[in-house]
Amino acid sequence: MIITRFAPSPTGYLHIGGLRTALYSYLIAKQSNGKFLLRIEDTDRERFVADGVLNILKSLYWAGIIPDEGVKLDCESIVGECAATQEGESGPYVQSERLEIYQKYADELIEKGFAYYCFCAQERLEELRKKQQENKQATGYDGHCREVDIKEAKKKIANGEKYAVRMKMPKNGVTIFQDLIRGEVSFKNELVDDQVILKSDGFPTYHLAVVVDDHLMGITHIIRGEEWLSSVPKHIQLYKYLGWEPPKFAHLPLLLNSDKSKLSKRQGDVSVSDYIKKGYLPEALINFVAFLGWNPGGEKEIFSLDELAKEFSLEKVGKAGAVFNLQKLDWYNQQYIRRLAPREFVARALPFLADGKLLTEPKIENEEHEKRLEKILGLERERITTLSELPEMIRFAFELPDYESELLVWKKSSAEEAKNALSEVKEYLNKFSVQEWTKNNLEQKTGEWIKEKGYGNGVVLWPLRVSLSGQKDSPGPFEIMDALEKEESIIRLETAIAKF
Ligand code: GLU
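All of the points below concern the structure found in this document. (Residues numbered from 1 in each chain as written. Predicted model: local features only at pLDDT ≥ 70, side-chain atom pairs only at ≥ 80, totals over all residues. Heavy atoms only, no water.)

Examining the overall build of the protein
Secondary structure summary: the protein contains 18 helices and 13 strands in total. Scaling as 2.2 N^0.38, a compact globule of 500 residues should have a C-alpha radius of gyration of about 23 Å, whereas the protein reaches 32 Å, well beyond that. Dimensions of the protein along its principal axes, counting C-alpha atoms only, are 105 × 50 × 45 Å. The 500 residues of the protein split such that 49% are buried. (Helix = DSSP H or I, 4+ residues; strand = E, 2+ residues; numbered from the N terminus. Rg over C-alpha atoms; globule rule 2.2 N^0.38 Å. Buried < 20%, exposed > 50% of the residue type's maximum accessible area, 1.4 Å probe, protein only.)

So, the pairing of strand E7 (residues 174–179)
A one-sided burial pattern is seen for E7, the buried positions being Thr-175, Phe-177 and Asp-179 and the unburied ones Val-174, Ile-176 and Gln-178. Sheet topology note: the E7/strand E8 (residues 183–188) ladder contains six bridges and is antiparallel. Bridge pairing in E8 links Ile-176 to Ser-186. Connecting E7 to the antiparallel partner E8 that follows it, the hairpin turn spans three residues. (Pairing = 2+ DSSP bridges.)

Describing the site of the ligand
Taken together, the residues surrounding the ligand are Arg-5, Ala-7, Pro-8, Ser-9, Glu-41, Tyr-206, Val-210, Arg-224 and Trp-228. At 2.6 Å from a nitrogen atom of the ligand is found a side-chain nitrogen or oxygen belonging to Glu-41. In this structure, an oxygen atom belonging to the ligand sits 3.3 Å away from a side-chain N or O atom of Trp-228. (Near = heavy atom within 4 Å. Polar contact = N/O pair within 3.5 Å; in protein donor to acceptor, adjacent residues only side chain to side chain.)

Comments concerning the packing of aromatic side chains
The tally for this structure, following the rule as stated, stands at 21 aromatic pairs. Between Tyr-24 and Phe-312, the aromatic rings sit 4.5 Å apart at their centres with planes inclined by 40°, giving tilted as the arrangement. Residue Tyr-24 is found in helix H1 (residues 16–30), and its partner Phe-312 is found in the loop between helix H10 (305–311) and strand E13 (322–323); the two are separated by 288 residues along the sequence. The exposure classification of Tyr-24 matches that of Phe-312, with both residues buried. Arranged with centres 5.2 Å apart and planes meeting at 90°, the rings of Tyr-117 and Tyr-163 form a pair that is edge-to-face. Within this pair, whereas Tyr-117 is found in strand E5 (residues 115–118), its partner Tyr-163 is found in the loop between helix H5 (150–158) and strand E6 (164–167), the two being separated by 46 residues in sequence. (Phe/Tyr/Trp six-rings, centres within 6.5 Å; stacked < 30°, edge-to-face > 60°.)

Regarding the nonpolar core
Core analysis: the largest hydrophobic core is formed by 144 residues, its most contacted members being Leu-19, Leu-285 and Leu-429. With residues near it in sequence (within four places) discarded, Leu-19 still touches Leu-14, Leu-60, Ala-63, Ile-65, Val-272, Leu-285, Ile-286 and Val-289. The next biggest cluster of nonpolar side chains, apart from the first, holds five residues, and it includes Cys-118, Cys-120, Tyr-141 and Cys-145. (Core = buried A, V, L, I, M, F, W, Y, C linked by side-chain atoms within 4.5 Å. Contact = heavy atoms within 4.5 Å.)

Let's talk about the state of the cysteines
Scanning the entire structure with this criterion turns up one disulfide. In this structure Cys-118 is not part of a disulfide, and its nearest cysteine sulfur, from Cys-120, lies 3.9 Å away. Owing to a relative accessible area of 4%, Cys-118 belongs among the buried residues under this scheme. Judged by relative accessible area, which is 14%, Cys-120 ranks as buried. (Disulfide = S-S within 2.5 Å.)

Comments concerning helix H14 (residues 390–398)
Of the positions making up H14, those classed as buried are Leu-390, Pro-391, Ile-394, Phe-396 and Ala-397. Of the surrounding secondary structure, the elements contacted by the buried residues of H14 are helix H12 (342–355), helix H13 (367–378), helix H17 (457–469) and helix H18 (477–498).

With respect to the sheet that holds strand E9 (residues 196–198)
In space, the three strands of this open sheet follow the order E5-E6-E9, with antiparallel pairing throughout. Among the strands making up the open sheet, the edge pair consists of E5 and E9. Within the sheet, the average angular offset between the axes of one strand and its neighbour, ignoring direction, is 45°. Bridge count for E6 against E9 is two bridges, and the pairing is antiparallel. When the sheet's bridge partners are listed, Arg-166 is paired in E9 with Val-196. Docked against the sheet, helix H3 (residues 99–111) engages E5, E6 and E9, running at close to 105° with respect to E5. (Axes fitted to C-alpha atoms, helices over the stretch in contact; angles between N-to-C directions.)

Rendered as structure tokens:
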């Protein structure tokens, strides 16, 4: 069975790059009825961010990437109170809860002569680094403690000396492996450092923890960012030392800004929560992120999560950096907004309407309320890019903005003419019954009426539209009348007439 994992470090919020890694890992597991596991790699205590784990989990759940095993989210809805829980046979799935396990393997490596105690103080290491930099040499550990006799070392430890554990990297030969995206990759062993695997605080480093956990959790495929590629020789060596079979590796291309620099905060939003807040739909963000580095070939661009699971393959992931193109994301979002059923569109918009104070709560009161919202929101659905734009665009339908009477006068008309046209059209519209009050009917009949009266379209339709919206720009008058319904529309017309 294929078992993949996403193993974020809670050093911040879920990054777009992390979402892509999680998505690809999830897809590879799903398409073969395998398992997708989530593990929290929190061994870097200095960079730990308290709400990082919950943010990562909530962002993944929002996107529909739900782990089968490991750290999961426990809550009714991701906007409410949530807690992280763990589920599965190979837990715990949080590295800080597995310290004894790492200690055991560090001891085993030392016993077998594949790792050694290192007593070098921080100052010595800094000094060494400085010298290497001055001499334009590659920086790295110089093996100072590599040959310290083990009995000697144990004595020092018994005397209370502080130590770390380093792995012994072979000094010659090459480490070769097949990357599922890059093909054959090889590293000269002499250029690879004797990596610290256990720190003096008893915490493992990433390198030991990741190898031990991927093995014990039965991971078959490791999919992660390119920045980890150079760590693979160390990991492969650890697998060898521990007598384990390494999993398959796939290293994803970097994400780039449009100027080809590495995707960073400085050039825009990088955390998934930023995009959630802005009102991107999960379907759109997932579809967009799937294409960051992957291309199925062919014309089709719209893929649901299920379709992605069928189509996705690592062979079609490129090696070159993938450019993050915000316009493309906007396009996806518009496509998905347009595809939502009206009811669903309302449901997705509710939190944004509440945020914009157009609703007191993000809730539908009853069926009538829902129908009304469907019509009102439908006015702007084709015009928005993200849901967060909706409240400002649609506010006029909830509360008539204050405006000056001059706005009611079309540029080729006069105040006098506008007032008369408005009064007459109001009288005319008032005769429609509530049942007759539909967009098409209103549009057709009013059009005929304008012709009969000998008015120009602008003379009537401009003030009519402004009366209904209170704005210079807005959707057309018949759409608005349909959405506002008869009573409110007539009140707005009367308000306008009274302004003259
Ligand atoms: N904890 C690492 C990170 O957050 C995971 C690297 C890996 O997937 O092996 O990037």
